[in-house]
Amino acid sequence: MQNKLKIAIQKSGRLSENSLKLLKECGIDIDNGLNKLKTEASNFPIEVFFLRDDDIPQYVEDGVADIGVVGENVLLEKNKNLKLVDKLGFGKCRLSLAIPKEQNYKSIKDLNGKRIATTYSTILSKYLKSQKVKAEIHEISGSVEIAPSIGLADAICDLVSSGSTLFTNGLKEVEVILKSEAVLVANKKLGKEQQTILDKLLFRMNAVRKAKNTKYILLNAPNNKLEAICKILPGMKSPTILPLANKGWSSVHSVVEENQFWDIIEKLKAEGAQGILVVPIEKMIL
Ligand code: PRT
Ligand code: ZN
């Protein structure tokens, strides 16, 4: 049997959909039938394990899975000996300290001697130590945001994305301890074959990412403006220029980066470009 790369992703939760999407965008067909714990891709040597996110670092460290997708927050909290391979750009959130909104807050020193409820006791205790604050950490396993209102704690340390959970529970965010997003982690001692498959996967992931940040652009320009227009459009090597049936005009094709996009369009228009078309790119191999 051919060796496979075993990847652990969250079974059901905030990272599940995007983790599967990531594989799909890399052209990997996964049958994720309901309640399956394990499945194989039909067209790529990969096996997928569906697990609770909290268990993924341990499974990857033990080599039960070769690689995994988890939030950086979970990775740091579990503190396992893993290799961080890539940041994935989804599942963005922050781990923050929050207190009841009516309370005054000047600095982290205000938490000296206070009780803080969290599910992130490892990260929190390191942070408090670095800030030279002595507080009592109450580790609980869920519904952290209600701890102050039921008298269990004076403050909480929890994940925040929109802030609406804090708001509805009468809390305000006072410190950001960590900014987090989903990451790809790997076992530190991958076998040779597994490493080769991982490299193939990373190559595909890069091609997808580059394409997302880039647009294909087509426009028509009078020939006497071509030089100025080509200077604005860098392209992968240089723009492609094709003559139009309409004499004295050409069609110019190139790729532009998303973050420079509007800037470039304005300059092109100013130089007399017309009929500008912008098309998404699916994959980009350099
Ligand atoms: O069952 P399993 O253990 O696998 O899942 P889980 O319930 O532990 O995790 P899940 O699915 O809630 O989150 C998985 C990962 O998503 C986390 O580890 C983070 O890396 C990331 N993530 C991104 C978030 C959030 N955003 C988020 N907003 N994880 C949790 N939240 C929660 C937060 O705990 C709080 O209760 O959402 C609430 C706050 O959201 P806002 O929008 O109201 O601020
Ligand atoms: Zn979890």
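Everything quoted here is computed from the prediction, not taken from an experiment. (Residues numbered from 1 in each chain as written. Chains lettered and ligands numbered in written order. Predicted model: local features only at pLDDT ≥ 70, side-chain atom pairs only at ≥ 80, totals over all residues. Heavy atoms only, no water.)

## Section: the overall build of the protein
In plain terms, the rule: Strands here mean DSSP runs of E at least two residues long; helices mean DSSP runs of H or I at least four residues long; both are numbered from the N terminus. For every residue, the accessible area (1.4 Å probe, protein chains only) is compared with the maximum for its type, and the residue is labelled buried under 20%, exposed over 50%, or partly exposed between those bounds. Contacts between residues were defined by any pair of non-hydrogen atoms, one from each residue, lying within 4.5 Å. Using a 1.4 Å probe, accessible areas were evaluated by the Shrake-Rupley method; residue-level cover was limited to the displayed protein chains. When charges are counted, neither His nor the chain ends are considered; positive counts come from Lys and Arg and negative counts from Asp and Glu. For charged residues, the charge sits on one atom: NZ in Lys, CZ in Arg, CG in Asp, CD in Glu.
Helix and strand content of the protein: 8 helices and 15 strands. By its C-alpha atoms, the protein is 80 × 60 × 35 Å across when sized along the principal axes. Counting every position in the protein, which comprises 286 residues, the buried fraction comes to 44%. The long-range share in the protein, meaning contacts at least 24 apart out of those at least 6 apart in sequence, stands at 69%. Accessible area for the protein stands at about 16200 Å²; split by element, carbon and sulfur atoms hold 50% of it. Within the protein, the 34 negative side-chain charges are centred at a point lying 3 Å from the centre of the 42 positive side-chain charges.

## Quick look at the domain arrangement of the protein
Condition: These domain limits were set by an automatic method or by a database of domain assignments.
Here the protein is described as being made up of domain 1 (5–89 + 181–211), domain 2 (93–180) and domain 3 (214–280). Between domain 2 and domain 3, the C-alpha centre-to-centre distance is 52 Å.

## A few points about the packing of aromatic side chains
For any pair of aromatic rings, the description consists of the separation of the ring centres together with the inter-plane angle of the planes. The test is simple: Here is the rule: rings of Phe, Tyr and Trp (six-membered ring for Trp) pair when centre to centre is within 6.5 Å. Planes less than 30 degrees apart are stacked, more than 60 are edge-to-face, and the remainder are tilted.
For the coordinates displayed, the defined rule picks out 1 aromatic pair. Taken together, a centroid distance of 5.0 Å and an interplanar angle of 75° make the contact between F261 and W262 edge-to-face. Given a relative accessible area of 9%, F261 falls into the buried group.

## Here we look at the coordination of the zinc ion (ligand 2)
Selection rule: Sodium, potassium and calcium take a 3.2 Å donor cutoff, other metals 2.8 Å, and in both cases only N, O and S atoms count; water is not among them, so sites may look incomplete. Between 85 and 135 degrees for all angles marks four donors as tetrahedral; over 155 degrees for opposite donors together with 65 to 115 for all other angles marks four donors as square planar and six as octahedral; every other arrangement is irregular.
At the metal site, the zinc ion (ligand 2) is ligated by D53 (OD) and D54 (OD), and these contacts range over 2.0 to 2.1 Å. What the 4 donor atoms of the zinc ion (ligand 2) show is an angle range of 74 to 174° at the metal, which sorts the shape as irregular. The exposure class of D53 is buried, given its relative accessible area of 19%.

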